[in-house]
Amino acid sequence: MTKGKSSGFDRAPQCAYLRPMILLGIETSCDETAAALVADDRRVLAEAVLSQLAEHQPYGGVVPEIAARSHLDHLDTLIRRVMAEAHLGFSDLAGIAATGGPGLIGGVMVGVMTGKAIAAVAERPFLAVNHLEGHALTARLTHDVRFPFLLLLVSGGHCQLLLVSGVGRYRRLGTTIDDTAGEAFDKAAKLLGLGYPGGPALERAAAGGDDARIPLPRPMLGRPGADFSFSGLKTALRHRLAEMKGEAPPQAIADLAAAFQQAVIDCLADRTANALEMAKDAAPVTALVVAGGVAANAGLRRRLEQVASAGGLPLVAPPARYCTDNAAMIAWAGVERLRLGLTDRMDFAPRPRWPLDPTAKPGARA
Ligand code: KG4
Ligand code: ZN
């Protein structure tokens, strides 16, 4: 299944004699195979995303070997498709950007090898993009966001608060010490029998529930700093379910879903407010940016609007297809890096872990 096949942002027209710089982006670090062509004037010329959801669904999570094989099977076709759609040849490219990590290493290897091969044939620069940098810079593709800004990155693979001061200039203010927010939603949904992926299913179930009827804890709330923890919340949910002896009626499931969702939102909002205070000490941030699959949650967006406006800032949330894993964000990070001459050598080795802020102490996630 392909989604979000092509789009373009309306921007000021280019001068005829100033040809835009166009990059091919490749994303293969998890369970989406994606290719995109992005110009330095912020137009997305063509994009294709192939979700592997159906292949992993029977296992209730992403199986690395299945993911790598599927990237290998489909990436060439997706690249051919975006090149044809934009009527471009490889020689029209200014560079090739591929996710170099962090991620499932088999998939990252497929993307990096493909990117290097095209770069070698077309004699163009190769750029190994940190997947987290892709998420971090997306708001500058979709909105006029200036550095520095605070990023809340919340997905299945990542749960971080980052002060983004420039390309390659990231300070991690908080990370999770156990599960990511996306994992928390997925595991809670599984416990409640709501299916996979859990976030959207849990949000739907929560709509019919009362979030105040069954109390759940808010780990880390009110503590200094901006780190997250969700495993205690998941355990509390398991206990509440156990107390019902496996006979939770549909209304209790909805109430538990609502209580769980509200607890996660409260934790994310509390940690983000702290991070805004921490960021202020370092630099006057221009915006609060949210990205990652969990950013699709309507209740979370509403709450983050309040957090941002309390700090006198706008909340910037890229459209959902650019919040989740995609190749336009990799191509765009490539544009930003190429402008600064930050290209990579052909012996770049794919990285399973690659923290954006190498000075931060290791967390549960890269
Ligand atoms: O960014 P993403 O598509 O993939 C990565 O993990 O990198 O994020 C997927 C995560 C899943 O854990 C999913 O349950 C969660 O985002 N998610 C949501 C919602 N939609 C997706 N969580 C809460 N509410 C949602 N509406
Ligand atoms: Zn991601």
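Our subject in this report is the structure included herewith. What you are looking at is a predicted structure, and each value in this text was computed from that prediction instead of being measured.

### A look at the overall build of the chain
Step number 1: Secondary structure assignment for the chain yields eleven helices and eleven strands.
Step number 2: Whereas a compact globule of 366 residues would reach a radius of gyration of roughly 21 Å, the chain reaches 21 Å, a difference of no more than 12%.
Step number 3: Taking the principal axes of the C-alpha coordinates as reference, the chain spans close to 65 × 45 × 35 Å.
Step number 4: A separation threshold of at least 6 residues defines the contact pool for the chain, and within that pool the share at least 24 residues apart is 75%.
Step number 5: Surface exposure of the chain reaches about 15300 Å², of which carbon and sulfur atoms provide 55%.
Step number 6: Taking the average location of the 39 positive side-chain charges in the chain and that of its 37 negative ones, the two points are 2 Å from each other.

### Observations regarding the sheet that holds strand β11 (residues 315-316)
Step number 1: Spatially, the five strands line up as an open sheet ordered β9-β8-β7-β10-β11, and their pairing is mixed. Both outer strands of the open sheet, β9 (169-175) and β11, are each paired with one neighbouring strand and no more.
Step number 2: Taken together, the two bridges between strand β10 (residues 288-291) and β11 define a ladder with parallel strand orientation. Across the sheet, the residue bridging to leucine 288 is leucine 315, located in β11.

### So, the environment of asparagine 274
Step number 1: Its location among the elements puts asparagine 274 in helix α8 (residues 250-282).
Step number 2: Linking asparagine 274 and valine 307, residues 33 residues apart in sequence, is a C-alpha distance of 10.0 Å.
Step number 3: Excluding residues within four positions of it along the chain, asparagine 274 makes contact with Arg223, Pro224 and Gly225.

### Some points on the coordination of the zinc ion (ligand 2)
Step number 1: Only His131 (NE2), His135 (NE2), His158 (NE2) and Asp325 (OD) from the protein coordinate the zinc ion (ligand 2), and they sit 2.1 to 2.7 Å from it.
Step number 2: Around the zinc ion (ligand 2), the four donor atoms are arranged such that angles at the metal cover 88 to 160°; this shape is classified as irregular.
Step number 3: Within one chain, the residues serving as donors to the zinc ion (ligand 2) are arranged as H-x3-H-x22-H-x166-D. Here the residue histidine 158 occupies a position in the loop between β7 (149-154) and β8 (159-166), and aspartate 325 occupies one in the loop between α10 (320-323) and α11 (328-339), the gap between them amounting to 167 residues. Both residues of the pair, histidine 158 and aspartate 325, count as buried.

### Section: the packing of aromatic side chains
Step number 1: Scanning all chains against the criterion turns up four aromatic pairs.
Step number 2: The interplanar angle of 10° and the centroid separation of 5.9 Å between the aromatic rings of phenylalanine 147 and phenylalanine 149 together place this pair among those described as stacked.
Step number 3: For phenylalanine 149, a relative accessible area of 0% gives the class buried.
Step number 4: Both rings, one in phenylalanine 348 and one in tryptophan 354, keep their centres 5.7 Å apart while their planes meet at 40°; by these two values the pair is tilted. For the pair phenylalanine 348 and tryptophan 354, one class covers both residues: buried.

### Notes on the side chain of threonine 33
Step number 1: One can find threonine 33 in strand β3 (residues 32-39).
Step number 2: Separated by 2.9 Å, the side chains of threonine 33 and histidine 71 make a polar contact.
Step number 3: In contact with threonine 33, not counting residues within four places along its chain, are Glu27, Thr28, Ala48, Val49, Leu50, Gln52, Ser70, His71, His74, Leu75 and Leu78.

What counts and what doesn't
- The numbers attached to residues start from 1 for each chain and follow its sequence in the written order.
- The naming scheme follows written order: chains are lettered A onward, ligands numbered 1 onward.
- Side-chain atom pairs in this predicted model are given and counted only at pLDDT of 80 or more, local residue features only at pLDDT of at least 70, and totals for whole chains, interfaces and linings cover all residues.
- With hydrogens and water set aside, each side-chain value is computed from the structure's full complement of heavy atoms.
- Elements are defined by DSSP. Helices are runs of H or I of four residues or more, strands are runs of E of two residues or more, and each kind is numbered from the N terminus.
- We compute the radius of gyration from the C-alpha atoms alone; for a globule the expected value is 2.2 Å times N to the 0.38, where N is the number of residues.
- Two residues form a contact once any of their heavy atoms are found within 4.5 Å.
- Accessibility throughout is a Shrake-Rupley quantity obtained with a 1.4 Å probe, and a residue counts as covered only by protein chains that appear here.
- Lys and Arg are tallied as positive, Asp and Glu as negative. Neither His nor the chain termini are counted.
- Taken as the charge location is NZ of Lys, CZ of Arg, CG of Asp or CD of Glu.
- Here, any two strands with at least 2 DSSP bridges between them count as paired.
- With water excluded from the atoms, a metal site may look incomplete; its donors are any N, O or S atoms within 2.8 Å, or within 3.2 Å for Na, K and Ca.
- Donor angles set the geometry label: tetrahedral for four donors if every angle is between 85 and 135 degrees, square planar for four and octahedral for six if opposite donors exceed 155 degrees and the others are between 65 and 115, irregular for anything else.
- Three labels apply to residues, based on accessible area from a 1.4 Å probe with only protein chains included: buried if under 20% of the type maximum, exposed if over 50%, partly exposed otherwise in between.
- Only the six-membered ring of Trp is used, alongside the rings of Phe and Tyr, when aromatic pairs are assigned; centres must lie within 6.5 Å, and planes under 30 degrees apart are stacked while those over 60 apart are edge-to-face, with the rest tilted.
- Under this definition, polar contacts are N or O atom pairs within 3.5 Å; protein pairs additionally need one hydrogen-donor-capable and one acceptor-capable atom, and for neighbouring residues in sequence, both atoms have to be side-chain atoms.

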